[in-house]
Amino acid sequence: MPKLFLIPEIESQNIQVFLNIEHHPLAIEITNQLSNLKHVQLIKKSSDADVTIYLVGFDSPSLSETLSHTSDLYEHLKQVKSDHHKFILVVKNPASHLSRTAITLTNQFAHNYDLNHEVFEYDHTVSTSQLAETIIRKFIYGHSTPHQEPRSSSIKTPTAKAIPLVSKPQYMILNTLYLILALATPWLLSILLLVFMYPLTSCLHRYSVCTSVTDVSLSAFRYTSRLSPGSSELATQIGLPLSQYKDLIITLKKLDRLTTKSAKRSSAFLASLFTTRPAPQTAEITASLEETDHLLNQVQADLRSIYLATPNHIRSFESLAVGAGESRHTLSLLIPNITSTLRNFTSGKKTYLVALQDNWELRGSGGLIEAFLKVDISHGQIDQFQPFSTRDTDKLLTGTVTTPADFQDLTDQTQWYLRDASWDPNISSTLTKIAWFAQKELNQPFDGVILVDLNTLKELVRIIGSVQVGESKVPVTAQNFSAIYQSQLNSSDDYNKYLTTLLSAIFAQFSNMDDLKYQKVIQLFYTQVVTGQVFITGLAEGEKGLPECRSFLICSVDYAYPVSSNITGSKTNLYLTRSHTASVSLSDSQNTSLHTFSYRYSPEANSWVGQNHQEYLRLYLPDDVLSDYQVSIDGVAIPKDSIHIGVSQGSKYLGVSFTVNKLQDVKVQFSYHTPMPKASQFHYQLDIPSQPGVVGDQVKVELNYPPTWAALVDKVASVADAGRLEYNYAHPEKFQLNIDFTKP
């Protein structure tokens, strides 16, 4: 049973205190103050202690030393748990990697076990003596050091004028008003936070509303500070860190202004391609993006500061901080490529190919390639563009191009064409193949490829407003986009030419847009590039295969990339729904993974598509998958000689084909094992990329591990219990999880 000290007992009995470091000024001050207390004894072993004071981040360890520091901390936490004594964690810089790790490890340990602990943050603005007093008061009630009286001065000060006393009724009224204000302040602050912090949180995801939200929020802070001096300190004590909120809002306001500036410069560049407007300098766009990258880093730091300042650590702020970090990481990777791509557009004469993938007939890289534009650019301006249908250009291909082995087995096609160049999920390879096929068919080399799908076209139409396609009397809008294409499928076999005309009509509208629409197009393409739905040669070329280890610890790299391909020969993906459940169980010796895919095909009665959907599902896995893998369909095991096995993007895949009949549910399961590291501390990471062209698929991730393992997790879970984490999300979001495990 934990030790329970009453105040008189603490004063009378001996307390043994362990301090993990000795030479820092704060440690020396704590030692000096404790040495003046007769009932306190400093000891060298934490196993005999009643109180452990653990100082972290005072000696600036390098990244490679962090492991030894966290190992030492974990050993002390285990000792505290076994002896049931008090543990005080003192961190110098909460934003540093080591301090964040120490805080998370301690809180996670306290969550799993009955740990009597406190976390204390070092404030460099407060004297070392006061800091030591505050830390000691955590376990000795009312402790203070004796202060020397200041020596009297011979300098005479003027006598202050007497202030007339207020009358008793006035005194009572003023006291009552002050009492009401003191009692009402916490409630007032809570109401204010509910009023402006909720839209502020939304603002982090929707920059378009940031300006008004941040202005209102800053005004609220100013009025609160004026009406209630000291309210910031009071709010912090009750768990509402107003000063940190204010820092975040100021940073967001800067970020909003800079984002607007970057969008204007980028949209001006886009406008210069289609019109005679002058283009901004590439260096100006790059500078804006680099400054945005810096502010995203500051936003991440502010969010973590709020997270750490709240007593119960509000998880949404930790999640937002992780999101800001991921956005910054993505932008920092794109900046060099954006710069080189912009220069490529503006230097000399270039010819680009804009290819349209039909994700209603899904393929590895997003969909069957139905149409493309040949775009000629001269010194940063588009001279002309010409639309083509792959149904026409594929007739111009001479010679024989051998198809991939699994493609030939599943479709009985021995000749490969441009329309099928998106079979492989390796985007970089697909872009190269598209350019190669187009060059062979048109006898024209291409400097780059831009790959888009129907979802992107629909969003472009939403920005433009409406598009007139051919001689149709009904303009295409975002609302009727799918219905019109579906009617084309049902009424004619010439839908391929419709898509060619649609792509050309949308592209033609780019020369007639205003500045706001250009900005929206830039924002759309950035979002689609980041989420892996649009690809551009040299800028964004999709997944590069198995991810590298993201830690300095020994790594267990888990990877599951489901890739669907429609081999029906019709647009059945429009009526197909799929969900994915990834269940991972970790043990000392191995990782047991089970991936379950549930399908349902529900075509409309008058649709052109057939009565069933033919699916080819490939699951890309880690290289170290053991040979005992299994694949089953509706509970029936598939013989291994019927499973397609191959390697692409440096990753092994298992492929299986099956039929989903109308209004039928089909369940496909992949199970396999991979070995686990034998080290007592290791890093586990799980990546589930999103296939281009797939939107709306529901994904559930279940991770189970021994509850005695300590886990440092970088992603807030939907469900979190000892030894179990659960996450839910939908495509096109990618899933990436990082956990540092420590075994007992």
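**Q** Any chance you could break down the overall build of the chain for me, citing the residues and the numbers?
**A** When you go through the chain residue by residue, the secondary structure sums to 18 helices and 26 strands. Per-residue burial for the chain yields a buried fraction of 49% across its 744 residues. Of the contacts made within the chain by residues no fewer than 6 positions apart, 73% connect residues no fewer than 24 positions apart. Per element, the accessible surface of the chain, about 35,800 Å² overall, is 53% carbon and sulfur.

**Q** Now, about the pattern of salt bridges: what can you tell me, with residues and values included?
**A** Counted according to the given criterion, the structure contains 22 salt bridges. As a salt-bridge pair, Glu-118 and Lys-138 come within 3.2 Å of each other at their nearest N and O atoms. Note that Glu-118 is positioned in strand β5 (residues 117-121) and Lys-138 in the loop between α5 (128-136) and α6 (168-203), a separation of 20 residues in sequence. The class of Glu-118 is partly exposed, set by a relative accessible area of 25%. For Lys-138, a relative accessible area of 29% translates into the label partly exposed. Close ionic contact of Glu-459 with Arg-462 constitutes a salt bridge, the shortest N to O distance being 3.1 Å. One end of the pair is Glu-459 and the other is Arg-462, both in helix α15 (residues 454-464) and three residues apart, which spans about a single turn. Looking at Glu-459, the relative accessible area reads 27%, which means it is partly exposed. You can call Arg-462 partly exposed: its relative accessible area is 43%. Each of Lys-700, Glu-702, Asp-721, Arg-724 and Glu-726 takes part in one network of salt bridges that share partners.

**Q** So what's going on with the nonpolar core? Which residues, and what values?
**A** Across soluble globular proteins, nonpolar side chains show a tendency to be buried alongside one another. Phe-274, Leu-457, Tyr-485, Tyr-498, Leu-502, Ile-506 and Phe-510 are the most contacted members of the largest nonpolar core, which totals 61 residues. Top element by residues in this core is helix α9 (residues 242-274). It accounts for nine residues. Other than its neighbours up to four places away in sequence, Tyr-498 contacts Val-469, Val-476, Ile-484, Tyr-485 and Gln-488. Core analysis: the next-biggest nonpolar cluster, separate from the first, contains 24 residues, Leu-621, Val-625, Leu-654 and Val-668 among them.

**Q** Account for the confidence of the model for the chain, naming residues and giving values.
**A** Residues with a pLDDT of 70 or more make up 76% of the chain, whose mean pLDDT is 80. Contacts from residues 60-65, a stretch scored under 50 in pLDDT, to residues over four places away or in other chains number four contacts. Counting interchain partners and residues more than four positions distant, the pLDDT-below-50 stretch residues 189-211 has 37 contacts.

**Q** Account for unusual backbone geometry, naming residues and giving values.
**A** For Asn-443, which is not glycine, the phi torsion reads 55 degrees and is therefore positive. Take Asn-443: its relative accessible area is 71%, and that puts it in the exposed class. Even without glycine at this site, Leu-663 takes up a positive phi of about 60 degrees.

**Q** For the sheet that holds strand β4 (residues 86-91), give the residues involved together with the corresponding values.
**A** The pairing of strands in a sheet comes from backbone hydrogen bonds and takes either a parallel or an antiparallel form. Ordered in space as β2-β1-β3-β4-β5, the five strands form an open sheet in which the pairing is parallel. Looking at which strands have only one partner, the edges of the open sheet turn out to be β2 (40-43) and β5. Between one strand axis and the next, the sheet turns through 20 degrees on average, direction left out of account. Strand direction decides the pairing type here: β4 and β5, joined by five bridges, are parallel. Looking at the pairing, Val-91 lines up with Glu-121 of β5. Lying over the sheet, helix α2 (residues 25-35) contacts β1 (15-19), β2, β3 (51-56) and β4, oriented at roughly 165 degrees with respect to β1. This element, α5, spans β3, β4 and β5 of the sheet and lies at about 165 degrees to β5.

**Q** I'd like a rundown of the state of the cysteines, residues and numbers included.
**A** Each disulfide is one covalent bond, formed between the sulfur atoms of two cysteines. Inspection of the entire model under this criterion finds one disulfide. Here Cys-549 engages in a disulfide with Cys-555; their sulfurs sit 1.9 Å apart. The sign of the 65 degrees torsion about the S-S bond sets the Cys-549-Cys-555 disulfide as right-handed. Relative accessible area serves as the criterion here: at 34%, Cys-549 is assigned to the partly exposed category.

**Q** Mind laying out the environment of Asp-83, listing which residues take part and the relevant values?
**A** By the element assignment, Asp-83 lies in helix α3 (residues 66-83). You can call Asp-83 partly exposed: its relative accessible area is 25%. For Asp-83, the contacting residues outside a window of four places in its chain are Ser-46 and Ser-47.

**Q** I'd love a proper account of α5, names of residues and values included.
**A** Within an α-helix, residues lying three or four positions from one another point in the same direction, as the helix has 3.6 residues per turn. All of the buried residues along α5 are Leu-131, Ala-132, Glu-133, Ile-135 and Ile-136. Packing partners of the buried residues in α5 comprise α2, β3, β4 and β5.

Cut-off values and rules
- Residues numbered from 1 in each chain as written.
- Predicted model: local features only at pLDDT ≥ 70, side-chain atom pairs only at ≥ 80, totals over all residues.
- Heavy atoms only, no water.
- Helix = DSSP H or I, 4+ residues; strand = E, 2+ residues; numbered from the N terminus.
- Buried < 20%, exposed > 50% of the residue type's maximum accessible area, 1.4 Å probe, protein only.
- Contact = heavy atoms within 4.5 Å.
- Areas by Shrake-Rupley, 256 points an atom, 1.4 Å probe, with all protein chains shown as cover.
- Salt bridge = Lys/Arg side-chain N within 4 Å of Asp/Glu carboxyl O.
- Core = buried A, V, L, I, M, F, W, Y, C linked by side-chain atoms within 4.5 Å.
- pLDDT = per-residue confidence, 0-100.
- Pairing = 2+ DSSP bridges.
- Axes fitted to C-alpha atoms, helices over the stretch in contact; angles between N-to-C directions.
- Disulfide = S-S within 2.5 Å.

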